[in-house]
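Structural description and commentary
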Amino acid sequence: MSLRRHFIPWHFRHRLEVDERSGPAEVATIWTGRLRNGRPMVPVACFLVGDTLVDSGIPGCAGRLARLAGERGVRRALLTHHHEDHVGGAAALAASGVAVHASPATRALVRRPLPVRLYQRLLWGPAAAVECAPLPARVALGPYEAEVIAAPGHAVDQVAFHVRERGWLFSGDAYVVERVRVLRGDEDFAAALATLERLAALEVETLFCAHRPVYANGGAALARKLEHLRRIESEVRELAGHGMSRAAIARRLGNRATRGVELFSLGDVSSRNLVRSILDGPRPRREVAERLAAAGLG
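My aim in this report is to walk through the structure given alongside it, one point at a time. Quick caveat, the model's predicted, so the values are computed rather than measured. (Residues numbered from 1 in each chain as written. Predicted model: local features only at pLDDT ≥ 70, side-chain atom pairs only at ≥ 80, totals over all residues. Heavy atoms only, no water.)

A few points about the pairing of strand β9 (residues 138-141)
Side chains Val139 and Leu141 of β9 all project onto a buried face; the interleaved residues Arg138 and Ala140 project onto a face where none is buried. Here four bridges tie β9 to strand β10 (residues 144-150), and the two strands are oriented antiparallel to one another. Along β10, the bridge assignment pairs valine 139 with alanine 146. The loop that links β9 with its antiparallel partner β10 comprises two residues; one of these, glycine 142, has a positive phi angle of about 65°. (Buried < 20%, exposed > 50% of the residue type's maximum accessible area, 1.4 Å probe, protein only. Helix = DSSP H or I, 4+ residues; strand = E, 2+ residues; numbered from the N terminus. Pairing = 2+ DSSP bridges.)

Section: the pattern of salt bridges
Here the structure, examined in full by the defined rule, presents 18 salt bridges. For aspartate 51, the salt bridge is made with arginine 76, and the minimal N-O distance between the two is 3.0 Å. With aspartate 51 in the loop between β4 (44-49) and β5 (52-54) and arginine 76 in strand β6 (residues 76-78), this pair connects stretches of sequence that are 25 residues apart. Several salt bridges share partner residues, and in doing so they unite Asp51, Arg75 and Arg76 into one network. (Salt bridge = Lys/Arg side-chain N within 4 Å of Asp/Glu carboxyl O.)

Some points on the nonpolar core
In terms of nonpolar packing, the biggest core is built from 30 residues, with Leu169, Leu199, Leu207 and Leu222 touching the most fellow members. Mapped by element, the contributors of at least two residues to this core are α7 (189-200), β14 (206-209), α8 (218-241), α9 (246-253) and α11 (271-280). With seven residues, α8 is the single largest residue contributor to this core. Within the second largest apolar cluster, 22 residues are counted, among which are Leu68, Val98, Val100 and Ala127. (Core = buried A, V, L, I, M, F, W, Y, C linked by side-chain atoms within 4.5 Å.)

Structural notes on the sheet that holds strand β11 (residues 159-163)
Taken together, five strands build an open sheet; the order of strands is β9-β10-β11-β12-β14 and the sheet is mixed. Whereas interior strands pair on both sides, the edge strands pair on one side only; in this sheet they are β9 and β14. The mean angle between the axes of side-by-side strands here comes to 30°, regardless of whether they run parallel or antiparallel. Where β10 and β11 come together, four bridges link them in antiparallel fashion. Across the sheet, residue valine 148 finds its bridge partner in β11, namely phenylalanine 161. (Axes fitted to C-alpha atoms, helices over the stretch in contact; angles between N-to-C directions.)

Listed below in structure tokens is the structure:
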């Protein structure tokens, strides 16, 4: 088998798995992933609460998710942000009669497919366009009511859903990993820090993160990540103030894993982006900025 066929197969296989045992009894975690050597490369979760889905997984699992939604009587889906690993099943859900709700910014960004980089295409694939219904400030989430909370940083349009009576927070990609050492090129460190401050102030027991759910003591996990971000910012600013180059600071922050991520993403996810975002701010994606400006949301 050639290296190309080994790492970039012509036909990807996908897996959708339902986990109803790890979290609260009322919530099913639905894992979606594209397989390499029989294992999901970067699995992504969406969450089913009664008749409501939060996010919709990767594009390759769209048909299976729509069939599952039909079997489970899903009536609505709520999107946290426009990235293809969160909206991959939205078009199939909408075509099957599920009402897909999103914020004004997310609606503008998923109305037409956005370009995806090579690593995004390999890990998840491009999502189909979808027309979404408006997302109210408070929205039904199964038998509960959730407050919609602006949560920019990872994505400019990201929102989170807080079910206060249960201590649940559906955070999209606001958490992902506690000790972050890399950022995408368009991620906004200052906005992410402000978002974590807001989320950490909530009463959160269960943190429904799309990549690493925290089913107990979710509030403590948010607080630890907030502390880490503040420490990283302080370190980067101190080193820069002492005259260390940005490349040297990035090398100091990184490790073998971060270098592998940077290589695979061709630099779009890197410690250098983390340093730059702290010192200079984000580098917005042109396509996203243009789409939002055209919608009057820039």
